[in-house]
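Examining the three-dimensional arrangement
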Amino acid sequence: MYILNIYNYFSANPRQLENEKRNVLVRVIVPESEEIRDNIIFATNNQTNIPKSSLRVTDTIHLQIEMYFKSRGLYYDRRKNYYKNQKKKSAEIVGVSFLAQCLISIILRKPDFARARPSTLLTDDETYAFLYEENQNLEAY
């Protein structure tokens, strides 16, 4: 994000670049797997405040759900708009909040809670642990 801001500034003010003496260190990391990428995102989340619910989707269970859905022609959108940007049909994309709303409505039998608070569904540790238990039968999702 900051690199884009720097680019935009110097694109709009090209003469400023002639006198600029500062350097920007950029580290590019190419992870070997999705899990490693998610671990890097989680570990380096110290500059930009990311909601807890967004970090939850880096948990292994969400990667398992994503792979399970893919094997059935659906796309679990752990990263917002990831599959939309890949031109997947919206009818085949299942969002994290939507799945959480469905789970809370059906499993916890609290459709009113699920509908009224979609942005806070994954922030309660107890509810989250219950709904996204490790080694869960993926057919439940």
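Attention in this report is confined to the structure presented alongside it.

Cut-offs and rules
Each chain carries its own residue numbering, running from 1 in the written order of its sequence. For a predicted model such as this one, the threshold for reporting local features is a pLDDT of at least 70, and the threshold for listing and counting side-chain atom pairs is 80 or more; totals across whole chains, interfaces and linings nevertheless cover every residue. By convention in this description, side-chain values take in all heavy atoms of the structure and omit both hydrogens and water. Counting from the N terminus, the helices are the DSSP runs of H or I reaching at least four residues and the strands are the DSSP runs of E reaching at least two. Each residue's exposure class comes from its accessible area (1.4 Å probe, protein chains only) as a fraction of the maximum for that residue type: buried when under 20%, exposed when over 50%, partly exposed otherwise. Here, two residues are considered to be in contact whenever any of their heavy atoms come within 4.5 Å of each other. Only the protein chains shown count as cover for residues, and the accessible areas themselves come from Shrake-Rupley with a 1.4 Å probe. To qualify as a nonpolar core, a set must consist of buried Ala, Val, Leu, Ile, Met, Phe, Trp, Tyr and Cys residues joined through side-chain atoms within 4.5 Å.

Quick notes on the overall build of the protein
Within the protein, the secondary structure is distributed over 9 helices and 2 strands. Counting helices and strands in the order they occur from the N terminus, the protein gives α-α-α-α-α-β-α-β-α-α-α. The burial tally for the protein puts 26% of its 141 residues in the buried class. For the protein, the proportion of contacts with a sequence separation of at least 24, taken over those separated by at least 6, is 43%. For the protein, the accessible surface area stands at approximately 10800 Å², while carbon and sulfur atoms represent 52% of it.

Quick notes on the nonpolar core
Of all hydrophobic cores here, the largest spans 19 residues; its most connected members are Ile-61, Ile-65, Phe-69, Tyr-76, Leu-99, Tyr-132 and Tyr-141. Breaking this core down by element, the ones donating at least two residues are helix H5 (60-70), helix H7 (96-106) and helix H9 (125-131). Examining the composition of this core, we find that 5 residues originate from one element, H7, more than from any other. Not counting chain neighbours up to four residues away, the residues in contact with Ile-65 comprise Tyr-76, Leu-99, Tyr-132, Leu-138 and Tyr-141.

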